[in-house]
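An overview of the molecular structure
Listed below are the residues making up each chain.
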Amino acid sequence: MAPSKPSKPSPAVNEAAIAKALGSRKPKTRKGRKILQDRESKIVEDPKTMLIMKGNRASNVVMSLLRDLHRLRNPLSVLYTREHDFHPFEDAGKLEHLCNKFDHGLFAFCSSS
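Report follows, based on the coordinates. (Residues numbered from 1 in each chain as written. Predicted model: local features only at pLDDT ≥ 70, side-chain atom pairs only at ≥ 80, totals over all residues. Heavy atoms only, no water.)

1. Quick look at the pairing of strand S2 (residues 77-80)
In terms of strand pairing, strand S1 (residues 50-54) meets S2 through 4 bridges, oriented parallel. Residue pairing across strands places Leu51 opposite Val78, the latter belonging to S2. (Pairing = 2+ DSSP bridges. Helix = DSSP H or I, 4+ residues; strand = E, 2+ residues; numbered from the N terminus.)

In structure tokens, the structure reads:
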């Protein structure tokens, strides 16, 4: 008998292998596939956006620093000037949620305490 040619793996098998390597389920919808493709690494990454937040106690000097930082990165930053009762060194969950929700890769948190 002649040796048979190896067959190409089907696209569904490739997607399953990719999903297994990523540690998530295989996408079932077009929207799910698009979200996974957006999360994959790219040759040229998108610019990092920045979340700039004021803590619950911030002096005028700290606020001027935040405003200057925001002006430097103006199209790629968001400045929250209201007082936020976050303590990122105690519990980073709320801050991580905000960064993931609005797709910020960088953050700055200032407080005078």
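Here the narrative resumes.
2. Section: the pattern of salt bridges
Taken as a whole and assessed by the stated rule, the structure comprises 1 salt bridge. When the shortest N-O distance is used, the salt bridge between Arg71 and Asp68 registers 3.3 Å. Separated by 3 residues within a single helix, Arg71 and Asp68 lie in helix H3 (residues 60-72), roughly one turn from each other. The class of Arg71 is exposed, set by a relative accessible area of 58%. Residue class for Asp68 comes out partly exposed when judged on its relative accessible area of 40%. (Salt bridge = Lys/Arg side-chain N within 4 Å of Asp/Glu carboxyl O. Buried < 20%, exposed > 50% of the residue type's maximum accessible area, 1.4 Å probe, protein only.)

3. Focus: the sheet that holds S2
Sheet strands pair via backbone hydrogen bonds, and the direction of the pair is either parallel or antiparallel. One open sheet holds the 3 strands; their spatial order is S2-S1-S3, and the pairing between them is parallel. Here the strands that pair on one side only, and so sit at the sheet edges, are S2 and strand S3 (106-110). Neighbouring strand axes in the sheet, compared pairwise and without regard to direction, differ in orientation by 10° on average. Where H3 meets the sheet, it contacts S1, S2 and S3, and its direction lies at approximately 165° from that of S1. Strands in contact with helix H4 (residues 93-101) are S1 and S3; relative to S1, the strand with the most contacts, it is inclined by about 140°. (Axes fitted to C-alpha atoms, helices over the stretch in contact; angles between N-to-C directions. Contact = heavy atoms within 4.5 Å.)

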